[in-house]
Protein chains: 4
Amino acid sequence: MLILMDPKAGEGDVQAVCARIESLGFTAHVMPGATSTAIGITGNTHPIEEDRFAGLAGIARCIPVSRGFKLVSKEFRSDLAGRDSRVQVGPDPTCGFGAGMFGVIAGPCSVESREQILASAHAVKAAGARFLRGGAFKPRTSPYAFHGLKEEGLKLLAEAREATGLLIVTEVKDTDTLDMVAAYADVLQVGARNMQNFSLLEAVSRTSRPVLLKRGMAATLAEFLQAAEYIAAGRRDQPWQDSIILCERGIRTFETMTRNTFDINAFPVLRRLTHLPVIADPSHGIGIASDVPAVARAAMAAGADGMIIEVHPDPRNALSDGAQSLTPAGFEALVQQLRRLGEVVDRTIP
Amino acid sequence: MLILMDPKAGEGDVQAVCARIESLGFTAHVMPGATSTAIGITGNTHPIEEDRFAGLAGIARCIPVSRGFKLVSKEFRSDLAGRDSRVQVGPDPTCGFGAGMFGVIAGPCSVESREQILASAHAVKAAGARFLRGGAFKPRTSPYAFHGLKEEGLKLLAEAREATGLLIVTEVKDTDTLDMVAAYADVLQVGARNMQNFSLLEAVSRTSRPVLLKRGMAATLAEFLQAAEYIAAGRRDQPWQDSIILCERGIRTFETMTRNTFDINAFPVLRRLTHLPVIADPSHGIGIASDVPAVARAAMAAGADGMIIEVHPDPRNALSDGAQSLTPAGFEALVQQLRRLGEVVDRTIP
Amino acid sequence: MLILMDPKAGEGDVQAVCARIESLGFTAHVMPGATSTAIGITGNTHPIEEDRFAGLAGIARCIPVSRGFKLVSKEFRSDLAGRDSRVQVGPDPTCGFGAGMFGVIAGPCSVESREQILASAHAVKAAGARFLRGGAFKPRTSPYAFHGLKEEGLKLLAEAREATGLLIVTEVKDTDTLDMVAAYADVLQVGARNMQNFSLLEAVSRTSRPVLLKRGMAATLAEFLQAAEYIAAGRRDQPWQDSIILCERGIRTFETMTRNTFDINAFPVLRRLTHLPVIADPSHGIGIASDVPAVARAAMAAGADGMIIEVHPDPRNALSDGAQSLTPAGFEALVQQLRRLGEVVDRTIP
Amino acid sequence: MLILMDPKAGEGDVQAVCARIESLGFTAHVMPGATSTAIGITGNTHPIEEDRFAGLAGIARCIPVSRGFKLVSKEFRSDLAGRDSRVQVGPDPTCGFGAGMFGVIAGPCSVESREQILASAHAVKAAGARFLRGGAFKPRTSPYAFHGLKEEGLKLLAEAREATGLLIVTEVKDTDTLDMVAAYADVLQVGARNMQNFSLLEAVSRTSRPVLLKRGMAATLAEFLQAAEYIAAGRRDQPWQDSIILCERGIRTFETMTRNTFDINAFPVLRRLTHLPVIADPSHGIGIASDVPAVARAAMAAGADGMIIEVHPDPRNALSDGAQSLTPAGFEALVQQLRRLGEVVDRTIP
């Protein structure tokens with residue numbers, strides 16, 4: 001932690017900050033600068049809460065030298081010897097995300113009917129997906145929109161799993177329905193709007209399911225990792241290292257031609273900061289079906305460990321997100337592009 | 001709803017869209033433009049879900065003419081005859097927000113101890129507040145930060161109410177603790193990170209408590225009103241019109257010198273769009289104690305119906321948000337400024 | 001300057017940074033932290049360019065303790081003894097901005113005709129303005145839009161000055177037309193899109209005219225002050241301290257209901273950081289005529305030293321910005337509100 | 001153009017808008033909606049300025065159906081028969097950008113010395129670049145930073161061209177130095193801060209040099225294309241279609257871990273909207289040397305037509321942007337990655 005004092009701060013203010021630092025059992029280093037003074041802290045073995053210095057007079061800013069997340073940080077997993085985590089789902093070792101393995105999740109935004117989800121499942125499996133996505137509980141901006149088939153939708157997903165062998169990735173939107181969703185899902189998805197729903201993160205961490213955590217639309221990468229830290233911290237007894245998947249799905253900016261701004265920078269930055277696999281959601285990242293393949297290729301080229309893509313047997317009649325859903329044929333063409341691309345960028349699609 | 005076709009859309013695409021419109025029982029109006037065609041829809045009595053046209057070929061954009069919220073819209077409450085809603089809390093008609101009545105909520109970010117909350121309560125009451133704020137359940141970005149005293153904190157708030165007569169405003173962070181919080185609180189606060197936690201909004205709507213809804217840090221004003229619509233829609237049988245308070249608390253932008261960017265524009269815009277009262281949280285809006293009074297004055301001058309301000313008897317030792325908390329003396333000075341200002345801008349602080 | 005080393009940085013990297021610091025004649029302070037090392041620099045008498053450390057291995061971030069602007073900083077003007085600068089325009093000491101004096105600039109977006117600008121001038125003078133705004137050279141997003149009457153427009157502004165005694169504030173958009181514009185203008189306006197047009201800032205600094213510098217739509221407050229520093233640095237021989245006016249006009253964010261997001265936080269923050277007067281442009285700040293008065297009141301309440309407002313004798317037929325222009329009657333009502341408000345917040349409108 | 005009326009607009013307001021439309025020689029289509037009325041316009045042969053309706057009472061929004069740019073739009077260049085423009089520089093047909101040809105520009109941020117620029121030129125040529133970048137006139141945020149070697153720098157670039165045969169890409173920052181820069185440069189770069197410096201765009205359009213236009217840090221894609229339209233509109237007599245190159249270099253968002261947020265979505269969107277080639281600047285797009293290759297690969301995979309990359313023989317001692325500059329070895333490795341990637345995504349690096 002580094003503390004920048006206000007240019008107007010007096011000697012007494014500086015001494016008060018140093019006293020606080022010493023009272024916490026740490027060492028203070030005072031450095032007078034051209035226009036203001038900075039105070040460094042050493043001796044701490046873990047991040048110091050900024051709150052510890054709240055309201056001390058004359059403080060301009062507190063700058064964390066350590067970054068507020070630890071279990072998910074690259075440094076923490078020393079046993080990795082450079083290897084990143086891999087989240088294997090189910091018994092098949094080729095079914096997972098990370099450390100070279102590229103997992104493909106595909107399916108409709110929402111489960112709409114038995115016919116629709118079974119058609120989707122067979123189509124995406126034929127194209128090469130190993131995971132089926134589909135929402136049974138849908139968070140929607142408007143209270144008047146379609147909110148999903150609830151448990152009926154979960155049962156249809158289970159039927160699709162039976163029929164195809166695909167593993168199920170579906171969103172859990174609240175703690176009330178967590179047990180129900182966890183009973184059907186192979187991977188629990190926490191949506192962008194819930195990235196900082198800390199009660200849900202804590203509850204999810206207590207299940208035995210791998211978690212797919214989506215980045216919030218206004219979350220910094222540091223906040224994204226801190227949200228993952230919530231799940232890791234709740235899983236200390238489990239092999240948590242290999243049970244959390246991060247997903248970049250676009251952030252909110254001033255640009256209006258696209259649904260979101262897909263943050264491609266997130267891949268190299270997160271690769272440096274964390275051992276967790278990071279996958280891409282190009283469907284929400286740009287929101288325009290014709291442009292999804294370009295963003296998907298870009299994400300793989302930037303280092304993504306997998307992909308979650310919206311595919312619908314009949315996008316024109318989808319109840320939600322049809323405008324950004326690929327047709328089965330479009331998805332198959334994309335997977336072929338990704339297989340060729342994977343050979344160049346060291347990613348394997350089983 | 002207006003549908004803009006892609007410049008490359010063909011006659012067949014346009015006809016397909018018109019057919020869809022007719023099939024929904026509405027009327028289509030085709031308008032060829034300089035570079036693309038637009039199609040207008042009439043005959044609908046409520047907003048049309050964009051989903052209805054998902055995936056139809058050649059659609060560039062769907063533009064809602066109506067705005068996705070209805071119960072909370074200015075137009076809806078025709079009985080108001082121009083009067084905006086007022087949220088009265090408790091039996092005292094001067095204790096509320098809106099329609100000229102300016103409510104003042106003050107207190108610490110978190111309830112830390114019996115001494116701290118009682119000292120805060122007496123101090124803010126003496127300065128003119130009618131409501132006491134204080135968090136017992138704190139959502140925090142880091143899993144390692146202070147998360148509040150839980151039910152013990154709620155009991156201390158109740159004790160402070162007994163001792164001062166102040167009404168209690170406290171945050172509910174999840175559905176699991178809703179009943180407990182509702183048993184102690186006079187007003188339930190839904191925080192910025194939960195603005196789109198739709199399960200929580202629905203659960204809160206089923207209680208009998210007035211709700212203080214904070215704007216999400218990346219929420220548009222339209223999304224803010226749609227979140228309020230969730231609460232209103234769940235309260236149809238209650239006098240819901242007078243039970244929801246909106247709160248602008250700053251949005252996330254590229255500026256780094258302040259904690260958030262306080263969106264002063266929200267006040268005149270929301271005043272035109274909704275009958276609900278809108279209050280300000282200048283403490284989070286700028287995040288710097290010395291600058292809070294300027295933002296508070298600005299919000300009142302722009303039309304705010306109330307204020308929620310962080311005040312701590314000893315900000316230097318606050319466990320959270322000390323850097324943006326006013327001292328009791330600073331708060332008292334601010335309330336005096338606001339009383340004088342209120343006379344100029346037609347706001348009454350009882 | 002503080003340098004944060006990367007968690008992976010080695011002892012050699014730290015030593016290399018220290019060697020660079022010593023080679024610059026400064027002193028290095030090494031501070032090992034929990035997960036990474038920080039190095040502080042002292043002994044410098046002015047800001048150090050981050051470039052000096054460019055590319056040294058293992059550096060995570062450079063944090064300026066001093067802030068890249070000096071002449072415009074509050075600290076610099078020690079002779080002020082707490083008084084802020086006042087920019088007086090012309091011989092009349094009551095005609096200016098800052099240190100309690102509130103200057104009002106009003107007029108149309110563009111000079112359109114002799115009748116229009118004279119009608120505007122008489123109307124805004126009658127309402128209490130001391131300065132007339134009007135664009136003769138208009139930067140427009142589209143090459144096909146109206147770009148102003150050029151020198152003819154400047155002559156009409158001069159005629160309006162003759163007829164009313166109002167002082168002229170008009171925009172200079174490039175160095176080629178600077179001399180011409182300076183020959184007619186009393187105050188040179190540099191527009192938001194030119195805030196970082198450094199060649200224009202340097203050229204403007206060499207004139208003898210006071211400058212009204214608008215904040216860029218994506219400029220941080222630090223960049224805004226650094227742009228003002230360009231002008232101050234070029235005026236060392238003149239009484240530059242009293243010749244630069246800053247103007248907050250809204251920043252670009254994700255919100256789409258308003259033209260820009262007016263950054264009310266800028267007023268208290270800039271008041272702490274600089275001695276220069278700061279005025280508000282509520283017309284561009286929200287972009288909706290009916291909402292301009294609320295934003296104008298808010299800016300004055302937050303500490304603005306003046307206002308620039310678009311007023312048109314017939315907004316319905318304005319060639320540009322009609323949607324955000326007040327009528328003369330609307331402007332007169334606003335000035336009356338501001339006079340009453342000024343009495344409460346210590347601002348005088350002569 | 002579509003006009004959305006305010007929910008409160010009266011019949012008279014609607015009639016007034018229609019009258020205005022008719023007076024312009026166009027046809028009005030009135031469409032009453034659920035909560036407000038929309039009016040469509042047809043009969044126009046080119047975009048209608050929103051200004052035409054400025055201030056008419058009761059207008060909520062004007063929505064352009066056509067998009068404010070025409071010469072640079074995909075539709076305009078019907079002669080292309082689906083082929084996009086290619087900007088060939090110099091006599092060599094393999095030296096250019098677009099229509100499958102991938103141009104590589106590399107070199108230091110600034111020309112610092114004869115040794116530095118010659119070493120850079122030989123190194124990037126050996127690695128496969130055909131173009132040398134290097135700034136002689138540097139726009140810098142701080143007036144106290146290094147601003148380039150001016151004409152001396154241009155002469156050194158010319159010498160490097162003599163020595164290596166590389167073509168020169170260098171920035172022109174103002175109209176005063178345009179002729180001088182154009183006398184040395186093969187391609188004129190207009191920087192991000194000047195994207196809306198319309199006087200510079202107009203002046204540049206009158207030269208015979210190809211132009212590399214960088215996207216402004218807060219510019220929407222529509223504004224980016226309108227800025228290119230300024231250059232095209234000034235070049236009607238020249239083969240302007242093949243003389244403008246667009247460059248995505250990252251936009252400003254709330255994320256602070258990276259210098260900018262590289263907008264990967266820009267590539268597929270611009271490919272649909274314009275016939276102009278679009279290249280990438282990953283160096284500024286992320287601002288961290290170790291992460292530049294990942295972003296560069298992503299841009300090519302998303303459809304970029306070229307790349308401009310900062311390379312310095314000794315980044316540790318660069319006078320500017322060293323932190324984001326690759327070493328010659330790092331650049332050579334990247335070009336090899338891009339050659340392999342190009343085979344998969346149909347891009348040829350000569």
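Described in the following lines is the structure provided in the data block. (Residues numbered from 1 in each chain as written. Chains lettered and ligands numbered in written order. Predicted model: local features only at pLDDT ≥ 70, side-chain atom pairs only at ≥ 80, totals over all residues. Heavy atoms only, no water.)

1. A word on the overall build of chain A
Part 1 of the argument: A count of helices and strands for chain A gives 10 helices and 14 strands.
Part 2 of the argument: By its C-alpha atoms, chain A is 75 × 45 × 40 Å across when sized along the principal axes.
Part 3 of the argument: Long-range contacts, defined here as pairs at least 24 residues apart, represent 66% of the contacts in chain A between residues at least 6 apart.
Part 4 of the argument: When the accessible surface of chain A is totalled, it reaches about 11,100 Å², and 50% of it is carbon and sulfur. (Helix = DSSP H or I, 4+ residues; strand = E, 2+ residues; numbered from the N terminus. Contact = heavy atoms within 4.5 Å. Areas by Shrake-Rupley, 256 points an atom, 1.4 Å probe, with all protein chains shown as cover.)

2. Describing the relation of the copies chain A and chain B
Part 1 of the argument: Mapping chain A onto chain B leaves a residual RMSD of 0.0 Å; the transformation is a rotation of 180° accompanied by 0.0 Å of translation along its axis. On this basis, the relationship between the two copies can be described by a two-fold rotation axis. It is Ala 218 of chain A whose C-alpha, among those of chain A, lies nearest the rotation axis, at 2.9 Å.
Part 2 of the argument: Both copies present the same face, since 100% of the interface residues in chain A are matched by interface residues at the equivalent positions in chain B. (Least-squares fit on C-alpha atoms with pLDDT ≥ 70 in both.)

3. Thoughts on the sheet that holds strand β2 (residues 27-32) of chain B
Residues and elements named next belong to chain B.
Part 1 of the argument: Pairing within the open sheet is antiparallel, and its four strands lie in the order β2-β3-β1-β4. In the strand order of this sheet, the two ends are held by β2 and β4 (59-63), each with one partner. Adjacent strand axes in the sheet meet at a mean angle of 20°, parallel and antiparallel pairs treated alike.
Part 2 of the argument: Sheet strands touched by helix α1 (residues 11-23): β1 (2-5), β2, β3 (37-42) and β4. Its angle to β2, the strand with the most contacts, is close to 155°. (Pairing = 2+ DSSP bridges. Axes fitted to C-alpha atoms, helices over the stretch in contact; angles between N-to-C directions.)

4. Quick look at the packing of aromatic side chains
Residues and elements named next belong to chain A.
Part 1 of the argument: Applying the stated rule across the entire model yields 12 aromatic pairs over all chains.
Part 2 of the argument: On the numbers, 4.6 Å between centres and 20° between planes, the contact of Phe 198 with Tyr 230 is stacked. Taken together, the residues Phe 198 in helix α5 (residues 198-205) and Tyr 230 in helix α6 (residues 221-233) connect sequence positions 32 residues apart.
Part 3 of the argument: By relative accessible area, which is 3% here, Phe 198 ends up buried.
Part 4 of the argument: Ring centres of Phe 262 and Phe 267 lie 5.8 Å apart, and the angle between their planes is 35°; on these two criteria the pair is classed as tilted. Here the two residues Phe 262 and Phe 267 agree in accessibility, since each one is buried. (Phe/Tyr/Trp six-rings, centres within 6.5 Å; stacked < 30°, edge-to-face > 60°. Buried < 20%, exposed > 50% of the residue type's maximum accessible area, 1.4 Å probe, protein only.)

5. Overview of unusual backbone geometry
All names here are of chain D.
Part 1 of the argument: A positive phi is found at Asp 321, a non-glycine position, where the angle reads about 55°.
Part 2 of the argument: With respect to the helices and strands, Asp 321 occurs in the loop between β14 (306-310) and α10 (328-345).
Part 3 of the argument: Overall, Asp 321 belongs to the buried group, its relative accessible area being 15%.
Part 4 of the argument: In the Ramachandran plot, Asp 346 falls in the positive-phi region, its phi being about 60° despite a non-glycine side chain.
Part 5 of the argument: Relative to the helices and strands, Asp 346 resides in the segment after α10.
Part 6 of the argument: Classification of Asp 346 as exposed rests on a relative accessible area of 59%.

6. Examining the interface of chain A and chain B
Part 1 of the argument: Listed per partner, the contact involves 46 residues of chain A and 46 residues of chain B.
Part 2 of the argument: Carbon and sulfur atoms make up 45% of the surface buried where chain A meets chain B, a total of about 3,800 Å² over both sides.
Part 3 of the argument: Of all residues in chain A, Thr 141, Tyr 144 and Arg 316 of chain A bury the most surface against chain B, accounting for 16% of the area lost on that side.
Part 4 of the argument: Counting across the interface, chain A meets chain B through four salt bridges.
Part 5 of the argument: The partner of Arg 140 of chain A in a salt bridge is Asp 51 of chain B, and the shortest N-O contact between them spans 2.7 Å.
Part 6 of the argument: For the side of chain A that touches chain B, the secondary structure elements donating two or more residues are α5 and α6 of chain A.
Part 7 of the argument: For the side of chain A that touches chain B, the residue count by class is 18 nonpolar, 15 polar and 13 charged. (Buried area = accessible area lost by both parts, 1.4 Å probe. Salt bridge = Lys/Arg side-chain N within 4 Å of Asp/Glu carboxyl O. Nonpolar A, V, L, I, M, F, W, Y, C, P; charged D, E, K, R; others polar.)

7. Some thoughts on the interface of chain C and chain D
Part 1 of the argument: Taken together, the 46 residues of chain C in the interface contact 46 residues of chain D.
Part 2 of the argument: Between chain C and chain D, a total of about 3,800 Å² is buried, with carbon and sulfur atoms accounting for 45% of that surface.
Part 3 of the argument: At the junction of chain C with chain D, the criterion picks out four salt bridges.
Part 4 of the argument: Linking chain C with chain D are 24 residue pairs in polar contact (both at pLDDT 80 or more), by the criterion used here.
Part 5 of the argument: Of all the elements, helix α6 (residues 221-233) of chain C adds the most residues to the side of chain C that touches chain D, at five residues.
Part 6 of the argument: Its residues placed into classes, the side of chain C that touches chain D shows 18 nonpolar, 15 polar and 13 charged. (Polar contact = N/O pair within 3.5 Å; in protein donor to acceptor, adjacent residues only side chain to side chain.)

8. What to know about the relation of the copies chain C and chain D
Part 1 of the argument: Rotating chain C by 180° and translating it 0.0 Å along the rotation axis places it on chain D, where the RMSD comes to 0.0 Å.
Part 2 of the argument: Mapped onto chain D, 100% of the interface residues of chain C are again interface residues, and the two copies thus contact each other with one and the same surface.

9. Digging into the packing of helix α2 (residues 114-127) of chain C against helix α3 (residues 151-164) of chain C
Residue and element names in this part refer to chain C.
Part 1 of the argument: Contact geometry of α2 with α3 gives a least axis separation of 9 Å together with a crossing angle of 35°. The element α2 and its partner α3 pack so that their crossing is right-handed. Contact residues: α2 offers Arg 114, Ile 117, Leu 118, Ala 121, His 122 and Lys 125, while α3 offers Leu 156, Leu 157, Glu 159, Ala 160, Ala 163 and Thr 164.
Part 2 of the argument: Looking at side-chain class alone, the contact of α2 with α3 contains seven nonpolar, two polar and three charged residues. (Left-handed = near helix turned anticlockwise from the far one by under 90°.)

10. Focus on the packing of helix α9 (residues 292-302) of chain A against helix α10 (residues 328-345) of chain A
Residues and elements named next belong to chain A.
Part 1 of the argument: The geometry of α9 relative to α10 is characterised by a closest axis approach of 10 Å and an angle of 20° between their N-to-C directions. In terms of orientation, α9 and α10 fall into the roughly parallel class. Between α9 and α10 the crossing geometry is right-handed. Contact residues: Pro 293, Ala 296, Arg 297, Met 300 and Ala 301 in α9; Leu 334, Gln 337, Leu 338, Leu 341, Gly 342 and Val 345 in α10.
Part 2 of the argument: A class-by-class count of the residues in the contact of α9 with α10 yields eight nonpolar, two polar and one charged. (Parallel < 35°, antiparallel > 145°, perpendicular 65-115°, else oblique.)

11. Some thoughts on the pairing of strand β12 (residues 244-248) of chain A
Residue and element names in this part refer to chain A.
Part 1 of the argument: Of all five residues in β12, five are buried; the element is thus mostly enclosed.
Part 2 of the argument: What you see with β12 is no split at all: Ile 244, Leu 246 and Glu 248 on one side and Ile 245 and Cys 247 on the other are buried throughout.
Part 3 of the argument: Pairing of strand β11 (residues 211-214) with β12, which is carried by four bridges, proceeds in the parallel orientation. By the bridge assignment for β12, Leu 213 is matched with Leu 246.
Part 4 of the argument: Of the pairings in the sheet, the one linking β12 to strand β13 (residues 278-280) comprises three bridges and is parallel in character.

12. Here we look at helix α3 (residues 151-164) of chain B
Residue and element names in this part refer to chain B.
Part 1 of the argument: Relative to the 20 Å expected for 14 residues at 1.5 Å per residue, α3 spans 20 Å between its end C-alpha atoms, a close match to the ideal helical length.
Part 2 of the argument: Of the residues making up α3, those classed as buried are Gly 153, Leu 154, Leu 156, Leu 157, Ala 158, Ala 160, Arg 161 and Thr 164.
Part 3 of the argument: On its buried face, α3 is in contact with α2 (114-127), β8 (131-133), β9 (167-171) and α4 (178-184).
Part 4 of the argument: Positioned one or two residues after α3, Gly 165 has a phi angle of 80°, which is positive. (Expected span 1.5 Å × (residues − 1).)

13. A word on the pattern of salt bridges
Part 1 of the argument: Inspection of the entire model under this criterion finds 72 salt bridges over all chains.
Part 2 of the argument: Across the pair Arg 130 of chain B and Asp 92 of chain B runs a salt bridge whose closest N-O atoms are separated by 2.6 Å. Of this pair, Arg 130 of chain B sits in the loop between α2 and β8 while Asp 92 of chain B is found in the loop between β5 (87-88) and β6 (96-97), placing the two residues 38 residues apart along the sequence.
Part 3 of the argument: Assessed through its relative accessible area of 24%, Arg 130 of chain B is described here as partly exposed.
Part 4 of the argument: Overall, the relative accessible area of 28% leaves Asp 92 of chain B in the partly exposed class.
Part 5 of the argument: Linking Arg 259 of chain C and Asp 321 of chain C is a salt bridge whose minimum nitrogen-to-oxygen distance equals 3.0 Å. In this pair, Arg 259 of chain C is assigned in the loop between β12 (244-248) and α7 (266-273) and Asp 321 of chain C in the loop between β14 (306-310) and α10 (328-345), connecting sequence segments 62 residues apart.
Part 6 of the argument: Salt bridges sharing partners connect three or more residues here, namely Lys 74, Asp 84, Arg 271, Asp 305 and Arg 347 of chain A.

14. Digging into α6 of chain C
Residue and element names in this part refer to chain C.
Part 1 of the argument: Spanning 13 residues, α6 covers 18 Å between terminal C-alpha atoms, matching the ideal 18 Å at 1.5 Å per step.
Part 2 of the argument: Counting buried positions along α6 gives 11 out of 13 residues, so the element sits mostly inside the fold.
Part 3 of the argument: On its buried face, α6 sits against α5 (198-205), β11 (211-214), β12 and α7.

15. Digging into the environment of Leu 2 of chain B
Residues and elements named next belong to chain B.
Part 1 of the argument: Within the secondary structure, Leu 2 sits in strand β1.
Part 2 of the argument: The exposure class assigned to Leu 2 is buried, which follows from its relative accessible area of 1%.
Part 3 of the argument: Expressed as a C-alpha distance, the spacing of Leu 2 and Leu 167, which sit 165 residues apart in the sequence, is 47 Å.

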